[in-house]
Amino acid sequence: MKYRHRVLTLLATLSVITYLDRVCISVAGRRIQYELHLGAQDWGLVTGAFAIAYALFEIPSGYMGDRFGARAMLTRIVLWWSVFTTLTGFASKLWPLMIIRFLFGAGEAGAYPTASTSVFRWFPAVERGRAFGVIFLSSQLGGAIAPLLIVPIQVHFGWRVSFYVFGIVGVVWASGWWHWYRNRAQDKTGITEQELGQIGPAADAPPHAFPWKAIGANISVWAIMGSTFAYLYSYYFFLFWLPTYMMRARGFTEGETKLSALPFVLGALANVTGGYARDAAARRWGPKWGARVVGIAGLATASASAFAALISMNKYIALAWLALCYGGITFQQPTVWATCVDIGKRYAGAVAGCMNTAGAVGGLVSSLIFGYLVQSTGSYDAVLLSMAAILILGAGLWLRTDATETLASRNSQTGQTERG
């Protein structure tokens, strides 16, 4: 196996663990709410605490990945969130749970932006779409297998034990990553000259300052931030609300909530398909329109599917439409991240951090609004309608995103050409 594929395997495994830890609280949501006496708005505060921390720490964590390298930063990130995954199992009241989930979000922030730094340094431009496709395919697999693993644990041992188990898994991954990974392919013992030639020349030296001015002046960065806000507004519904929605709005039994794996299975296929579609579309229409076509197709499909789920009378058909909604979102996801790498280059982590911060804000807004809408209207119809509306706005913002509009700060400072 080529060394960059081993790197991808480690990043894919990280992505599985990330979503096991995130979805764990979603699957445990009903039990936690019952035991801790939490209402819908209380639950919105719990999920919102994660989103606030995720938003606050994405940019600094992404920049630190660029500055200090993915080896040290991903080790720190995974160890941190594993501690607070474990501590979630000790929560006994609303406020301690909110604090723990805030600190969990602070730990997870920067995981994917730092992975972007790794992709930039280990993969040629022509392979980045598929690399992100595999990474996010793995995240969906984590979401898909989470109910299958977590529900039996919670039924037999209680919801708290599931958090203890997944906290240990993260520590094991961090140890393996630190011992094997190197920040540059050129520094890895055993890699062949042939593979180094395929990867390309070593990336430029890490940046010493955050490119605030260049990012602020780049319309494409702002457009992709807006689009990411839109799709993560809806994405958080699947992470934190789906099992509860299935039981309370559609009449599924607790045993049937295993079917909540369906969107994640379809999302996994859509992720890897979308990654390859991005690379193929970029070759055919160029990076600018190739990215736009994939992004618009994904979010327009997601918007239509959310509305179809809203008006569906049959609970199984509604779930199928929601699965397609999630599939549309995830189909364009690798293109979002590959575009951030294309725009940012050696600032890939910083640009991805800005993008994902906007997404975390979208998740925070949805966490607060969803709880309010459910409590004030007594149904989830307004939630799905808001998802459909904002997803189509996100699709439109892809028309303002140009993957060839790279940050100019490096060239203006040194006059050198950045590595593609």
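Residues numbered from 1 in each chain as written. Predicted model: local features only at pLDDT ≥ 70, side-chain atom pairs only at ≥ 80, totals over all residues. Heavy atoms only, no water.

We now examine the packing of helix H11 (residues 219-240) against helix H15 (residues 348-377). Helix-helix packing: each pair is described by the crossing angle between the helix axes and the interaxial distance. Between H11 and H15, the shortest axis-to-axis distance is 7 Å and the interhelical angle comes to 40°. Comparing their axes, H15 and H11 come out oblique. Crossing hand, H11 versus H15: right-handed. Here the contact of H11 with H15 is composed, by residue class, of 17 nonpolar, 7 polar and no charged. (Axes fitted to C-alpha atoms, helices over the stretch in contact; angles between N-to-C directions. Helix = DSSP H or I, 4+ residues; strand = E, 2+ residues; numbered from the N terminus. Parallel < 35°, antiparallel > 145°, perpendicular 65-115°, else oblique. Left-handed = near helix turned anticlockwise from the far one by under 90°. Nonpolar A, V, L, I, M, F, W, Y, C, P; charged D, E, K, R; others polar.)

A few words now on helix H3 (residues 40-68). Across its 29 residues, H3 extends 41 Å between first and last C-alpha, which sits within 8% of the 42 Å expected from 1.5 Å per residue. Residue Glu58 marks the point of greatest curvature in H3, where the axis turns by about 40°; the proline Pro60 follows within four residues. Looking at the residues trailing H3, positive phi occurs at Gly69, about 95°. (Expected span 1.5 Å × (residues − 1). Bend = angle between axes of the 7 residues up to and from the residue.)

For the rest of this paragraph, the subject is empty space enclosed by the protein. Evaluation of the coordinates by the stated rule reveals 3 cavities of 30 Å³ or more. Put simply, the largest cavity is a space of about 130 Å³. Contributing to the lining of the largest cavity are 15 residues, with Val27, Val151, Met247, Glu254 and Thr257 lying nearest its centre. When residues of the lining of the largest cavity are traced back to their parent elements, those giving at least two are helix H1 (3-27), helix H2 (29-36), helix H7 (128-157) and helix H12 (242-248). With 4 residues, the single largest contributor to the lining of the largest cavity is H7. Of the residues assigned to the lining of the largest cavity, the class counts are 6 nonpolar, 6 polar and 3 charged. Here the second largest cavity is characterised by a volume of approximately 100 Å³. Mapped onto the lining of the second largest cavity, the elements with two or more residues apiece are H1, H11, helix H14 (315-344) and H15. Examining the composition of the lining of the second largest cavity, we find that 4 residues originate from one element, H11, more than from any other. (1 Å grid on protein atoms, 1.4 Å probe; cavity = no way out; pocket = protein on both sides within 12 Å on 5 of 7 lines; lining within 4 Å. Points joined across faces, edges and corners; volume = space filled by probe spheres on them.)

So, on to helix H5 (residues 94-108). The end-to-end C-alpha distance of H5, which contains 15 residues, comes to 21 Å, matching closely the 21 Å that a straight helix rising 1.5 Å per residue would cover. Among the residues of H5, those classed as buried are Leu94, Leu97, Met98, Ile100, Arg101, Phe104, Gly105, Ala106, Gly107 and Glu108. Structurally, H5 contributes buried residues whose contacts are with H1, H2, H3, helix H4 (70-88), helix H6 (111-122) and helix H8 (159-180). Gly110 sits one or two residues past H5 and shows a positive phi near 95°. (Buried < 20%, exposed > 50% of the residue type's maximum accessible area, 1.4 Å probe, protein only. Contact = heavy atoms within 4.5 Å.)

Taken as a whole and assessed by the stated rule, the structure comprises 28 aromatic pairs. Between Phe237 and Phe238, the ring centres sit 5.4 Å apart and the planes meet at 90°, which makes this aromatic pair edge-to-face. Phe237 sits in the buried class, given a relative accessible area of 0%. Here the aromatic cluster, defined as three or more aromatic residues joined through ring pairs, consists of Tyr231, Tyr233, Tyr235, Phe237, Phe238, Trp241, Tyr245, Phe264, Tyr326, Phe370 and Tyr380. We note Arg292 situated over the ring of Trp289; from NZ or CZ to the ring centre the distance is 4.7 Å. (Phe/Tyr/Trp six-rings, centres within 6.5 Å; stacked < 30°, edge-to-face > 60°. Lys NZ or Arg CZ within 6 Å of the ring centre and 35° of its normal.)

We now examine the layout of surface pockets. Computed from the structure, the largest pocket encloses a volume of approximately 210 Å³. Forming the walls of the largest pocket are 13 residues, and the residues nearest its centre are Ala125, Arg278, Ala282, Pro287 and Asp342. With 5 residues, the single largest contributor to the lining of the largest pocket is helix H13 (residues 261-311). Across the lining of the largest pocket, the residue classes tally to 5 nonpolar, 2 polar and 6 charged.

Now for the environment of Val341. Note on placement: Val341 falls in helix H14. When the C-alpha atoms of Val341 and Thr406 are compared, they prove to be 9.2 Å apart, with 65 residues separating the residues in sequence. The residues touching Val341, leaving out its near neighbours within four places in the chain, are Ser116, Phe120, Arg128, Phe132 and Ala348.

Below, the discussion takes up the confidence of the model for the protein chain. Scored by pLDDT, the protein chain comes out at a mean of 87, with 95% of its residues at no less than 70. Per-element mean pLDDT across the protein chain ranges from 43 in helix H17 (residues 409-414) up to 95 in helix H16 (residues 381-397). For the stretch residues 409-418, pLDDT sits under 50, and the model shows 20 contacts to residues farther than four places along the chain or on other chains. (pLDDT = per-residue confidence, 0-100.)

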